[in-house]
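# Chains, contacts and geometry: an overview
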Amino acid sequence: MSQLQKKLGDMPKEDFRKFGYEIIDFIADYFENLEHFPVLSQNQPNDLTNALSKSAPIQGESFPQILEDVENLILPAVTHWNHPNFHGLFSTSTSSVGVFGEMLTAAFDMKAMLWRTSPASTELEPIVLDWLRQMMGLPADFHGLIYDTASISTLHAIAMAREKLNLGIREKGMSGRTDLPLLRVYCSEQTHSSIDKAVVLLGLGTQSLVKIPTNERFEMDAEKLREAIQDDKARGHLPFCVVATIGTTSTTSIDPVDKIADICQRNNIFLHVDAAYAGSAAVVPEFQFYFKGWERADSIVTNPHKWFFTPFDLSVLYVKDLDLLKQTFSLVAEYLKVTETVTNQMDYGIQLGRRFRSLKLWFVMRYFGQEGLIERIREHCRLARLFANWVDDSENFEILAPVPFALCCFRACPKNVEDLDVLNEKIMNEINVSGEAYLSHTKLNGKFTLRLSVGSIRVEERHLRKVWDLLNEKI
Ligand SMILES: *Cc1c(COP(=O)(O)O)cnc(C)c1O
């Protein structure tokens, strides 16, 4: 062991500088060579587990040794979300400048609880989120907060909705109480599973979640929502929250938020809008009409980590009633009591310490500017429509859902094949195994449906052409 390693304290500063440059070179090479990697990791389950040491090294290892294992062991186990041919789920990727933001956040290592423990996070966050609010065309009465994921943002929104009922649930809980009616939350059949998880976690139970049928465009049927609320009221239940989605996970369908807002208003129900994916598209002026009525919501979630080139994780919850959110979560231990009249971020959620996430979004918004961001999102939507046109013009393929944003739902349907589900699943698996591209699937009206999402900051028309050629080779 060297003299240096025997010393206590951190890595020697000369080493930090040296390896720091190496790490940047490693990342730069990675971004430059992305297209040479298979999109999906070619590992089998447990390949990595079996290659890793079962306990920590007794003595410290050299950093080059560690980096070598990243190259040899970790990298093969990486599925390359940044690859321009990652079209599965939602194609999400980080910009390079977003990585710089993460590096600095890690370096500062602040935990935003009180203003004094992190003035930078406490003050930058609302500014950056107000920039984003303006870009998305939302009115100034929305205040943003950053959480890790949309699942957590939505959990907070529904917790707020429950607190608004003023039933003393914060103090008395819900169990063992005979004075509470059954509380009801509504969403559509196409809504993301994070709503189910939220009602589980909030002690409402899945029985409290009513799933409203959708129309042939996979949009919530507002009339059926109205009826369901009326029926529940007649039975003595208490409808208190509706979750409408703009850009559902399966097809990016758009619930009729304006009509739903009317129903919520009439019944005094909290409206949460899940725009985790599609919220980013609101920055494009010609797409604003898809978002009609969302300004009437009580809360909205959108994920810059999905389609705003910001590294995972960063989800934004916009709420109208910031005091209600505070009322839902604020609990101040003696050692955290301060006399300053300032915002303390710990008061607005379940976490005590929060990461300084706004820094990377600030970097992204400043580096690309409003124009640069709008152009990129617009181009992704153009590419998805272009792909949809190829599908439409082909005898052998068909579109299975509208394409409002940058996701195309389609399938192969050659005349001579009987079982199209089997064929399409086979096509998808073959493409995925090849490592050339990644597609995922959904089931629409019982049909096995291929999903092609366009969203990587590195995607170009040639990448879509490549997928289209691959698909046509398979039939
Ligand atoms: C992706 C997605 C979510 C979940 O996002 P996380 O940030 O991973 O929790 C929720 N709702 C919709 C509509 C989504 O597309």
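Before going into details, it helps to say that this report is about the structure given with it.

### A look at the overall build of the protein
Helix and strand counts for the protein stand at 16 helices and eleven strands. Taking 475 residues into account, the globule formula puts the C-alpha radius of gyration at 23 Å, and the protein, at 24 Å, falls close to it. If you line up the protein on its principal axes, its C-alpha atoms span 75 × 75 × 45 Å. Within the protein, the proportion of its 475 residues that are buried is 50%. Counted over contacts in the protein with a minimum sequence separation of 6, partners at least 24 positions apart contribute 72%. A total accessible area of about 22700 Å² is found for the protein, and carbon and sulfur atoms account for 52% of it. Counting 50 positive and 62 negative side-chain charges, the protein places the centres of these two groups 4 Å from one another.

### Concerning the pattern of salt bridges
Evaluation of the coordinates by the stated rule reveals 29 salt bridges. Residues aspartate 221 and lysine 224 are paired through a salt bridge, measuring 3.4 Å at the closest nitrogen-oxygen approach. Judged by relative accessible area, lysine 224 falls into the partly exposed class, the value being 38%. Residue arginine 462 is joined to glutamate 460 by a salt bridge in which the shortest nitrogen-to-oxygen separation is 3.0 Å. For arginine 462, a relative accessible area of 45% translates into the label partly exposed. Salt bridges sharing partners connect three or more residues here, namely Glu102, Asp313, Arg355, Arg357 and Lys360.

### Considerations on unusual backbone geometry
Peptide bonds are trans in most cases, and residues, glycine excluded, mostly fall at negative phi. That bond from phenylalanine 312 to aspartate 313 is cis: its omega, 5°, falls within 30 degrees of zero. Although it is not a glycine, phenylalanine 309 sits at a positive phi angle of roughly 60°. Within the element layout of this structure, phenylalanine 309 appears in the loop between α12 (304–307) and β7 (315–319).

### Quick look at the pairing of strand β11 (residues 447–453)
Taking burial as the measure, the seven residues of β11 include six buried ones, the bulk of the element. Judged from the four bridges that link them, strand β9 (residues 407–412) and β11 form a sheet pairing that is antiparallel. Looking at β11, one finds that leucine 407 is bridged to serine 453. For strand β10 (residues 440–444) and β11, the ladder comprises five bridges, and the chain directions are antiparallel. Counted as the bridge partner of lysine 443 is phenylalanine 448 from β11. What sits between the antiparallel neighbours β10 and β11 is a turn of two residues, in which asparagine 445 has the positive phi angle 50°.

About the thresholds
Every chain's residues receive numbers from 1 upward, in the order its sequence appears when written. Only residues with pLDDT of at least 70 are given local features in this predicted model, and only at 80 or more are side-chain atom pairs given and counted; all residues enter the totals for whole chains, interfaces and linings. Side-chain measures here rest on the full set of heavy atoms in the structure, leaving out hydrogens and waters. We count a stretch as a helix when DSSP gives it H or I for four or more residues in a row; a strand needs E for two or more, and each element gets its number in order from the N terminus. Radius of gyration: over C-alpha atoms. The globule rule applied is 2.2 Å multiplied by the number of residues raised to the 0.38 power. Summary of the burial criterion: residues with accessible area below 20% of their type's maximum are buried, those above 50% are exposed, and those between are partly exposed, where the area comes from a 1.4 Å probe applied to protein chains only. Note on contacts: a residue pair is in contact if any heavy atoms of the two residues lie within 4.5 Å. Each accessible area value is a Shrake-Rupley result obtained with a 1.4 Å probe; residue values ignore everything except the protein chains displayed when judging cover. Residues scored as charged are limited to Lys and Arg (positive) and Asp and Glu (negative), so that His and the chain ends carry no count. Working definition for charges: the position is that of NZ of Lys, CZ of Arg, CG of Asp or CD of Glu. Salt bridge, as applied in this entry: a Lys or Arg side-chain nitrogen positioned within 4 Å of an Asp or Glu carboxyl oxygen. Pairing between strands is defined by DSSP: at least two bridges between the two strands are required.

Geometric values such as these leave the question of function open.
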